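# Observations on chain architecture
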Amino acid sequence: MERTWRMLLERHPEARRGDPELIEAAYAEPRLRQLFPYPGHGCLSFHRNTDSPLSCDLPFIAGGITTHTVYAAGYAEELGETRTAQEAAALVVAHLPDDCGPAVEGPWPEAGSGSR
């Protein structure tokens, strides 16, 4: 996991591209740093595991030009709009489930059970 974060922070050529400001703000949050980061399609999502299929049950950040919007998993609900990446990361942390611990290596164990 640390390797993935490092590659994102250092903008390694083989890393997925994302908003550097959002990635740095998320990494600064200890609870987000223990999750698997996945930038894509203008968003920064966080997962409880490191390999496909990924968990898709956590809030995420959709970046914008002047604001960032935090959504519940699957765009189920807008949790808030912020002016800074740091505020967006803090808002994600505020909406993480209590049982959200460090990401596990490999596929999401609940993927085959139909619950996400």
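Look a little higher up for the structure.
Residues numbered from 1 in each chain as written. Predicted model: local features only at pLDDT ≥ 70, side-chain atom pairs only at ≥ 80, totals over all residues. Heavy atoms only, no water.

### Looking at helix α1 (residues 2-9)
- Taken as a whole, α1 has its buried residues at Trp5, Met7 and Leu8. For α1, the angular spread of the buried residues around the axis is 160°, confining them to a single face.
- Buried residues belonging to α1 abut α2 (20-27), α3 (30-33), β1 (36-40) and β2 (43-47).
- Just past α1, the residue Arg11 takes up positive phi, approximately 55°. (Buried < 20%, exposed > 50% of the residue type's maximum accessible area, 1.4 Å probe, protein only. Helix = DSSP H or I, 4+ residues; strand = E, 2+ residues; numbered from the N terminus. Arc of directions from axis to C-beta. Contact = heavy atoms within 4.5 Å.)

### A short note on the sheet that holds β1
- Here 5 strands make up an open sheet; going across it, the order is β1-β2-β3-β4-β5 and the pairing antiparallel. Taken across any chain shown, the strands that pair with only one partner, and hence form the sheet edges, are β1 and β5 (78-82). Pairwise comparison of adjacent strand axes, ignoring direction, gives a mean angle of 20° for this sheet.
- The pairing of β2 with strand β3 (residues 60-63) spans 2 bridges and is classified as antiparallel. The partner of Leu44 across the bridge, within β3, is Ile61.
- In the packing of α1 onto the sheet, the strands contacted are β1 and β2, and the crossing angle to β1 comes to about 35°. (Pairing = 2+ DSSP bridges. Axes fitted to C-alpha atoms, helices over the stretch in contact; angles between N-to-C directions.)

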